[in-house]
Amino acid sequence: MAPQTRRMAFPSVVVVEREDADSEQSTSDEDEPEEEDPLPESEPEPEPEAEAEVAENGNGDNKVKQKAPITISLKKVCKVCKKAGHEAGFKGATYIDCPMKPCFLCKMPGHTTMSCPHRVTIEHGIISASHRNASNALEYVFERQLRPRIPLIKPAYVIPDKVNCGVIKYHSRRVTCLEFHPTKNNILLSGDKKGQVGVWDYYKTSEKMVYGNIHSCIVNNMRFNPTNDGAVYAASSDGTISCTDMETGISLSLMNLNPDGWQGPSSWRMLYGMDINSEKGVVLVADNFGFLYMVDMRSNSKSGEAILIHKKGSKVVGLHCNPIQPELLLSCGNDHFARVWDMRRLEAGSSLFDLAHRRVVSSAYFSPVSGSKILTTSQDNRLRIWDSIFGNMDTPSREIVHSHDFNRHLTPFRAEWDPKDPSETLAVIGRYISENFNGAALHPIDFIDISTGQLVAEVMDPNITTISPVNKLHPREDVLASGSSRSIFIWRPKENSELVEQKDERKIIVCGRSEKKQSRKLGNESDDSDDDMSNLKGKNVKSKKSVTKVTPYSRKGKR
DNA sequence: ATCGTATGCGCCC
DNA sequence: TGGGCGCCCTACGA
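- Chain A goes by UV-damaged DNA-binding protein 2 in an unreviewed UniProt entry, where it is assigned to Dipteronia dyeriana.
- Listed in UniProt under the heading Subcellular location (unreviewed entry), the comment for chain A reads: "Nucleus".
- In UniProt, chain A has this text filed under Sequence similarities (unreviewed entry): "Belongs to the WD repeat DDB2/WDR76 family."

**Section: the nonpolar core**
Consideration 1: By size, the foremost hydrophobic cluster in this structure holds 19 residues, and its most contacted members are Ile-159, Phe-447, Val-459, Leu-480 and Trp-491.
Consideration 2: Elements supplying a minimum of two residues to this core: strand E4 (163–169), strand E27 (426–430), strand E30 (445–449), strand E31 (454–460) and strand E34 (487–493).

**Considerations on the UniProt feature "repeat: WD" (unreviewed entry) in chain A**
Consideration 1: Per the UniProt record, "repeat: WD" (unreviewed entry) is found at residues 168–210 and 354–387.
Consideration 2: What you have in residues 354–387 is 0% helix and 62% strand, and the ends, taken at the C-alpha atoms, are 13 Å apart.

**Describing the pairing of strand E5 (residues 175–180)**
Consideration 1: Within E5, 6 of the 6 residues are buried, leaving the element largely enclosed by the surrounding structure.
Consideration 2: In this structure, E5 lies alongside strand E6 (residues 187–192), joined through 5 bridges in antiparallel fashion. By the bridge assignment, Val-175 is partnered in E6 with Asp-192.
Consideration 3: In this structure, the hairpin formed by E5 and E6 is closed by a connection of 6 residues.

**Looking at the sheet that holds strand E19 (residues 328–333)**
Whenever strands of a sheet pair, they do so through backbone hydrogen bonds, lying parallel or antiparallel.
Consideration 1: Read from one edge of the open sheet, 4 strands run E18-E19-E20-E21, paired in antiparallel fashion. What marks the edges here is a single partner per strand, and that holds for strand E18 (316–321) and strand E21 (353–356). Pairwise comparison of adjacent strand axes, ignoring direction, gives a mean angle of 15° for this sheet.
Consideration 2: Where strand E20 (residues 337–342) meets E21, 4 bridges bridge the pair, whose relative direction is antiparallel. Bridged to Phe-337 within E21 is Ala-356.

**Here we look at the protein's contact with DNA strand C**
Consideration 1: Neighbouring DNA strand C are 16 residues; Tyr-95, Arg-408, Tyr-432, Ser-434 and Arg-486 lie closest to it.
Consideration 2: Backbone atoms, meaning sugar and phosphate, form 43% of the atoms of DNA strand C found within 4 Å of the protein.
Consideration 3: In the model, a phosphate oxygen of DNA strand C is placed 3.4 Å from a nitrogen or oxygen of the Thr-465 main chain.
Consideration 4: One nitrogen or oxygen atom from the side chain of Ser-485 is found 3.2 Å from a phosphate oxygen belonging to DNA strand C.
Consideration 5: Taken together, the residues that form the surface near DNA strand C break down as 6 nonpolar, 6 polar and 4 charged.

**Notes on the pairing of strand E33 (residues 480–484)**
Consideration 1: Within E33, 5 of the 5 residues are buried, which leaves it mostly tucked inside the rest of the structure.
Consideration 2: Burial of E33 is two-sided: the residues Leu-480, Ser-482 and Ser-484 facing one way and the residues Ala-481 and Gly-483 facing the other way are all buried.
Consideration 3: By the bridge criterion, 4 bridges tie strand E32 (residues 470–473) to E33 in an arrangement that is antiparallel. Directly across from Val-470, in E33, lies its bridge partner Gly-483.
Consideration 4: Connecting E32 to the next strand, E33, in antiparallel fashion are 6 residues.
Consideration 5: Taking the residues that link successive antiparallel strands as the turn, the E33-E34 hairpin has 2 residues, and the phi of Ser-485 there is positive, at about 55°.

Rules used throughout
- Residues numbered from 1 in each chain as written.
- Chains lettered and ligands numbered in written order.
- Predicted model: local features only at pLDDT ≥ 70, side-chain atom pairs only at ≥ 80, totals over all residues.
- Heavy atoms only, no water.
- UniProt positions renumbered as here; feature names shortened; annotations may be inferred.
- Core = buried A, V, L, I, M, F, W, Y, C linked by side-chain atoms within 4.5 Å.
- Buried < 20%, exposed > 50% of the residue type's maximum accessible area, 1.4 Å probe, protein only.
- Helix = DSSP H or I, 4+ residues; strand = E, 2+ residues; numbered from the N terminus.
- Pairing = 2+ DSSP bridges.
- Axes fitted to C-alpha atoms, helices over the stretch in contact; angles between N-to-C directions.
- Near = heavy atom within 4 Å.
- Polar contact = N/O pair within 3.5 Å; in protein donor to acceptor, adjacent residues only side chain to side chain.
- Nonpolar A, V, L, I, M, F, W, Y, C, P; charged D, E, K, R; others polar.

Okay, here's the thing in structure tokens:
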């Protein structure tokens, strides 16, 4: 009854069409006339080769003026491979791959994303490839049978059916990391590519603060001091690690790897991975040359010498301390490995396990409760789960194909555990490839059950057309924070929620039109507080407007 | 060749 | 017009 009417209030909420080919026609009418090209599709190019070459210059009109006026076919070359006969790019809200390239999703040649088995089978780019790495089927079955029956004891994780989304627009460069306050529920920290750090109370804007001078470039990781949540540490590509007192705002630089300043790119050291080992009272950081550093939290000084933990000269992008066994450290980096270390025996080459990947490993995290599983995100478009139960970490216990490619303009994607899920099966990660959602190209945020490989929910908002590579689930509440381009989105369950869509046990959670009062609650409730931020550009925190228009992805076709 | 790295710029409000 | 925006690029060097 009520749910039904509610549902009708947002008519765009529909199950995404399977036949993407069909969507071309349906979207092309509302899309801009990119197909204005007078040349019919069926008509073959008169001189494809010769014309194609001219076309590359962009101003082929001048070049061909002395030739016979056969210039009409110039556009019909693929922008990726420059060959005629097909065109890569958006057709409406659907991206057509260049067939000459490997599949953009699974990276295998011979097909495109559209026909990729990893997309077709379960849809939307997710499939479990669980037995892929077992050497034979028997081993796979064996492994499956031995593995604890997690589903039986699994308390269902809670994924709301309907969410509201608030937006914080402050950062002038892309958001690179997010961190929830460990005890204060509404406090979120954000770091960006410029080195700015924002502290937000996303319920009321009266408590917000921006630190613009802690770091001079990318903030790669932030972490609260577990024994003193008034202090937050940040690692930056400026080569420093900072400790900021949340009360006073005073920031210390605990370490500077570039004391002599810029001496060229080959010597400039950057800090990426960072975590805190509270047992030992040290901050662990790692740089872009493969080294690990430790800073004593009491003396705020470097403790010991740098240790080579990954291939020399390669970037170490992630560090994580085991939540249960403080002597266990996990690292990952650009040498295609994630490595498990014993803190008591930390020296080059002494890793306990080396988890091999096919590409750069963007993140590696121990599971949040037991610490017995490892979730890695690799730039080969696969999530991997490594289960230490077998004591054999040669191969992952599961691989999940998922679109989270590297792109130079995007913060690397990192799959994150749900810290609230005691079954340790739920992970969240943004998706790179877009979904044609009623004519809009949207990039959902995926919730994946890593025990089955199933996509259990995908969150999106018709108004958010940007990619959300940075995602963090709240440690206690049903809140998801996403960093998407220069914006931060806060997703919260909508009260009195009803099921929006369900298909194959998967929820498509669409952030519908926010109720006005709700969006106010998030942003502008206390506009009076804006005065302390008046020196910053415009309105720093604003509520998400309830925009009814679903903006189609039309830019590409416009002239 | 492949792969990692770093940065820009066309489009559009 | 110009500045903000956002990326299925892409050139370069090892």
